[in-house]
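# A structural walkthrough
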Amino acid sequence: MTGSLQIKNGKYYMVLNSTENGKRKQKWLSTGLPEKGNKRKAEQMLRETLRQHELQNGIVKSDVLFADYIRLWLADAKRKVDPVTYQGYEVLTNSQILPYFLQSSVKLQDITTDILQTYIDEKQTYGRMDGKGGLSPSSIRRHKNILNQTLNKAVKEKLLLSNLCQFLDLPKTERYQSSYYSAAQLQRLFEAIRDEPLYPLVRITAMYGLRRSELLGLKWDSIDFDGNRLTIRHTISQVTKPVEKDKTKNSSSFRSFPLVDEAKKIFLVAKEREGQNRRLFKKDYRENDYVFKWDDGHLYAPEYVSQKFAKLLKKYGLPHIRFHELRHSCASLLLNEGFTLKDVQEWMGHADIKMTADIYGHLDAARKKGMADKLSGSLFGVR
């Protein structure tokens, strides 16, 4: 088989030439790619299509629906990934991806780049569950990730020759500009909510820049009162329901901090209150080793903490930030005090400094201004 590219109605088509019983046959296949700026990608698709034809005899024919095969992938994923990751896959698959492909009844072997691209484009324009527009670029990538893993499974099982997700056009991601509180704003926050049950959680989060999962995962074995150390070693996360883990997000997230006096006081009060509540609730007390919890020992749901925090800001007339942005506020204070991005990376528990720079590089303005002034003085004698 040979092939070439042709342009029809402003889009690239693959023209495939073959010979059967001595007769020449020609087949036109749409790439779904507009003419402008896509020649290289169209050429790649043509090469892949020709390669697929050569390997076609090795592929097992199957009439399975694409939606049913996505279900098979999801069942596999449940055995391979952690519960929180699976919750995310399950919610997205059942709420968005499966309803779309069940409606179309397309078979796995009939999946094309056009079908996949149409799905992505529709979700980008109309994908929000509340009907108010399309999904964000980051959300679109989560959809693509599930489709990609599903098709990888099909390729591995020799039901497809290649994964057509490689040819999808995705919207460009936009850098999220985080909000954060200054030191003065944090002080006003602490004063406003001092008598609220969430106060100690907010104070510790802002002090150490903890992730919500790390804060709620603090156990008494995380706190060394004699050695004055706080160690992050457990987490509680949630997509649909809370999941307890005796591990951190990554190896860099497993880290220790000095137990400053203010934090030590907060933890000692929590310890004393735990004992009082245990005596008060008696057999109804829910025994566990976590530091922050309801009076009867039940654990805080991560989503409750975020939602309650938002209500407290509104109650006391404070500027809105997300609970996670208490972590950003901590990073901002560290940078303003002259600490480097490398220092912040280690404090925040990021896997690499590029992540730190991507999130907080724009906050490093004061240090860069000082560098620019010194360089200007050296070059031009300006002091």
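Cut-offs applied
- Residues numbered from 1 in each chain as written.
- Predicted model: local features only at pLDDT ≥ 70, side-chain atom pairs only at ≥ 80, totals over all residues.
- Heavy atoms only, no water.
- Helix = DSSP H or I, 4+ residues; strand = E, 2+ residues; numbered from the N terminus.
- Buried < 20%, exposed > 50% of the residue type's maximum accessible area, 1.4 Å probe, protein only.
- Areas by Shrake-Rupley, 256 points an atom, 1.4 Å probe, with all protein chains shown as cover.
- Contact = heavy atoms within 4.5 Å.
- Phe/Tyr/Trp six-rings, centres within 6.5 Å; stacked < 30°, edge-to-face > 60°.
- Lys NZ or Arg CZ within 6 Å of the ring centre and 35° of its normal.
- Salt bridge = Lys/Arg side-chain N within 4 Å of Asp/Glu carboxyl O.
- Expected span 1.5 Å × (residues − 1).
- Arc of directions from axis to C-beta.

### Thoughts on the overall build of the chain
- Helix and strand counts for the chain come out as 14 helices and eight strands.
- The buried share of the chain, reckoned over its 383 residues, is 41%.
- Accessible surface, the chain as shown: approximately 21,900 Å² in total, 51% of it carbon and sulfur.

### Focus on the environment of Ile353
- With respect to the helices, strands and loops of the structure, Ile353 is situated in helix H13 (residues 353–360).
- The residues contacting Ile353, other than those within four sequence positions of it, are Leu341, Lys342 and Gln345.

### Here we look at the packing of aromatic side chains
- Applying the stated rule across the entire model yields 14 aromatic pairs.
- An angle of 5 degrees between the planes, with centres 6.0 Å apart, marks the rings of Tyr300 and Tyr304 as stacked.
- Judged by relative accessible area, Tyr300 falls into the buried class, the value being 7%.
- It is Arg203 that lies over the ring of Phe190; its NZ or CZ is 4.3 Å from the centre.

### Observations regarding the pattern of salt bridges
- Here the structure, examined in full by the defined rule, presents 19 salt bridges.
- Residue Arg71 pairs with Asp68 through a salt bridge whose shortest N-O separation is 2.7 Å. Residue Arg71 and its partner Asp68 are located together in helix H2 (residues 66–80), separated by three residues, close to a single helical turn.
- Owing to a relative accessible area of 39%, Arg71 belongs among the partly exposed residues under this scheme.
- A residue is classified by how much of its surface remains accessible, and Asp68, at 29% relative accessible area, is partly exposed.
- A salt bridge links Glu214 to Arg211, with the shortest nitrogen-to-oxygen separation between them at 2.5 Å.
- Glu214 gets classed as buried once you look at its relative accessible area, which sits at 1%.
- A cluster of three or more residues bridged by salt bridges with shared partners is formed by Lys271, Glu274, Arg278, Glu287 and Lys293.

### A few points about helix H9 (residues 261–281)
- In this model H9 runs 30 Å from its N-terminal to its C-terminal C-alpha over 21 residues, within 8% of the 30 Å that 1.5 Å per residue would give.
- For H9, the full list of buried residues reads Ala263, Ile266, Phe267, Ala270, Glu274, Gly275 and Asn277.
- In the core, the buried residues of H9 are packed alongside helix H7 (199–208), strand E4 (223–224) and strand E5 (229–231).

### Considerations on helix H6 (residues 183–192)
- Among all positions in H6, only Leu186, Leu189 and Phe190 are buried. End-on view of H6: buried residues confined to an arc of 95 degrees, all on one side of the axis.
- Packed against the buried residues of H6 are H7, helix H10 (302–315) and helix H11 (325–336).

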